[in-house]
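Observations on the model geometry
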Amino acid sequence: MAEYDESRLTVVDHPLVRHKLGILRDKQTGTKQFRELVTELAIFEGYEAMRDFPLEDVEVETPLEKTTCKRIAGKKVAIIPILRAGLGMVDGILTLVPSARVGHVGMYRDPKTHVPHQYYCKFPPDVENRICLVVDPMLATGGSLTAAVQFLRDAGVKDIRCLTIVSCPEGVKAVLDYDPDVRLYTCSVDRCLNESAYILPGLGDAGDRIYGTK
């Protein structure tokens, strides 16, 4: 079993998450429902990933009197999906923070070597001042996620939080070992990778299941 820093890993195991994840895994679940479940699970993860966001006071006038309330301080959030499957999680996070900016990292995995290759990368111009949520449903070898983390570090980002739906021990270790400050949120740490670098038991190819492709 791979060993990693569990203090930087949060497994979101709410009963509703576990229920929805079971439906997501089922090979009989159709594209429409699969896509909806990915969005819903992203919302659950977003709540946890943003639990410690900094707040500031703001004065609000209710129908009865003035009072002091809280709002998120600073430049707030950038969502960075890893194309293409990561796009399936974006709407869930935007439901929570509609003002978030969205960047994109495009990578594909070589089917033989499993090494990720970048073909696109674009971030909001002020990304270095934002808390960045990197989203990708599957964390397998960790190659794509660590590459995305490095792109963000190179852009000056200080606070990076990675959100996946299904992970495996090998991928969790790769990401947490790669960057000592990154934090990882997932709904499940599955058993292992198979010889084709697919997660077991997993849920298949998330991109294909989100978009109805083979």
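Refer to the preceding data block for the structure.
Within each chain, residues carry numbers counting from 1 in the order of the written sequence. With pLDDT at 70 or above as the cut-off, local features in this predicted model cover only qualifying residues; side-chain atom pairs require 80 or more to be listed or tallied, and sums for whole chains, interfaces and linings still use all residues. Each side-chain value is derived from all of the structure's non-hydrogen atoms; neither hydrogens nor water enter the calculation.

Looking at the state of the cysteines
Disulfides are defined as cysteine sulfur pairs within 2.5 Å. Evaluation of the coordinates by the stated rule reveals zero disulfides. A disulfide-free cysteine, Cys 192 has its sulfur positioned 7.9 Å from the sulfur of Cys 168, the nearest such atom.

What about helix H4 (residues 143–154)?
Under the 1.5 Å per step criterion, the end-to-end length of H4 is 17 Å for 12 residues, consistent within 8% with the ideal 16 Å. Whether a residue is buried, partly exposed or exposed follows from its accessible area with a 1.4 Å probe, protein chains only, as a fraction of its type maximum: under 20%, in between, or over 50%, in that order. Each helix is a run of DSSP H or I of at least 4 residues and each strand a run of E of at least 2, with the numbering of both proceeding from the N terminus. When H4 is considered as a whole, its buried residues turn out to be Gly 143, Leu 145, Thr 146, Ala 147, Ala 148, Val 149, Leu 152 and Arg 153. To estimate how far a helix should reach, multiply one less than its number of residues by 1.5 Å.

Here we look at the sheet that holds strand E11 (residues 166–167)
Any two strands are treated as partners once DSSP identifies two or more bridges connecting them. The strand order E9-E11-E13 describes an open sheet built from three strands, whose pairing is parallel. For this open sheet the edge positions go to strand E9 (138–139) and strand E13 (188–189), each flanked by a neighbour on one side alone. Examined bridge by bridge, E9 and E11 share two bridges and lie parallel to one another. Note that in E11 the partner of Leu 139 across the bridge is Ser 167.

Observations concerning the environment of Lys 173
Residue placement: Lys 173 occurs in helix H5 (residues 169–178). Distance from Lys 173 to Val 60, taken between C-alpha atoms, is 45 Å for residues 113 residues apart in sequence. Contacts are residue-level and defined by heavy atoms, with any inter-residue pair within 4.5 Å sufficient. With near-sequence residues (within four places) excluded, Lys 173 lies in contact with Ala 2, Glu 3 and Tyr 4. Side chain to side chain, Lys 173 and Asp 177 meet in a polar contact 2.7 Å long. Definition of a polar contact: a pair of N or O atoms within 3.5 Å, with one able to donate and the other able to accept a hydrogen when the atoms are protein atoms, and with sequence-neighbouring residues admitted only if both atoms are side-chain atoms.

Considering the packing of H4 against H5
Only the contacting stretch of a helix is used when fitting its axis, a line to C-alpha atoms as for every element, and angles between N-to-C directions run 0 to 180 degrees. Close contact between H4 and H5 brings their axes to 9 Å; oriented N to C, the two are set at 20°. When the axes of H4 and H5 are compared, the pair comes out roughly parallel. When the axes of H4 and H5 are compared, the crossing they make is right-handed. Packed against H4, whose contacting residues are Leu 145, Thr 146 and Gln 150, the element H5 presents Ala 174, Val 175 and Tyr 178 at the interface. Just so you know the grouping, Ala, Val, Leu, Ile, Met, Phe, Trp, Tyr, Cys and Pro go in nonpolar, Asp, Glu, Lys and Arg go in charged, and all remaining residues, Gly too, go in polar. Considered class by class, the residues forming the contact of H4 with H5 number four nonpolar, two polar and no charged. Should an angle lie under 35 degrees it is considered roughly parallel, over 145 roughly antiparallel, and from 65 to 115 roughly perpendicular; all remaining angles are considered oblique. Crossing chirality is assigned from the near helix's rotation relative to the far helix, an anticlockwise turn below a right angle marking it left-handed and a clockwise turn marking it right-handed.

Here's the deal with unusual backbone geometry
Geometrically, the link from Leu 83 to Arg 84 is a cis peptide bond, its omega value of 5° lying close to zero. Leu 200 connects to Pro 201 through a cis peptide bond whose omega is 0°. Counting through the fold element by element, Pro 201 comes out in the loop between strand E15 (199–200) and helix H6 (206–211). Even without being glycine, Ala 197 reaches a positive phi, approximately 65°. Tracing the sequence through the fold places Ala 197 in the loop between strand E14 (192–193) and E15.

What to know about the environment of Ile 43
With respect to the element layout, Ile 43 can be found in helix H2 (residues 31–49). Counting along the chain gives 57 residues from Ile 43 to Ala 100, while the straight-line C-alpha distance between them is 14 Å. Among residues more than four places away in sequence, those in contact with Ile 43 are Gly 92, Thr 95 and Leu 96.

A closer look at the side chain of Asp 208
Mapped onto the elements, Asp 208 comes out in helix H6. In this structure Asp 208 comes out as buried when scored by relative accessible area, which is 17%. Here Thr 213 takes part through its side chain, which lies 2.7 Å from a polar atom of the side chain of Asp 208.

Quick notes on the pattern of salt bridges
Any Lys or Arg side-chain nitrogen located within 4 Å of an Asp or Glu carboxyl oxygen qualifies as a salt bridge. Following the criterion strictly, the structure yields 15 salt bridges and no others. Measuring nitrogen to oxygen at the nearest pair gives 2.7 Å for the salt bridge that ties Asp 190 to Arg 25. Of this pair, Asp 190 sits in the loop between E13 and E14 while Arg 25 sits in helix H1 (residues 15–25), placing them 165 residues apart in sequence. In this structure Arg 25 comes out as partly exposed when scored by relative accessible area, which is 24%. Taking the shortest distance from any N to any O, the salt bridge between Asp 208 and Arg 84 comes out at 2.6 Å. Of this pair, Asp 208 sits in helix H6 while Arg 84 sits in the loop between strand E4 (77–83) and helix H3 (87–96); the two residues are 124 residues apart in sequence, bridging distant segments of the chain. Judged by its relative accessible area of 32%, Arg 84 falls in the partly exposed class. Several salt bridges converge on common partners, so that one network encompasses Asp 52, Asp 159, Arg 161 and Arg 183.

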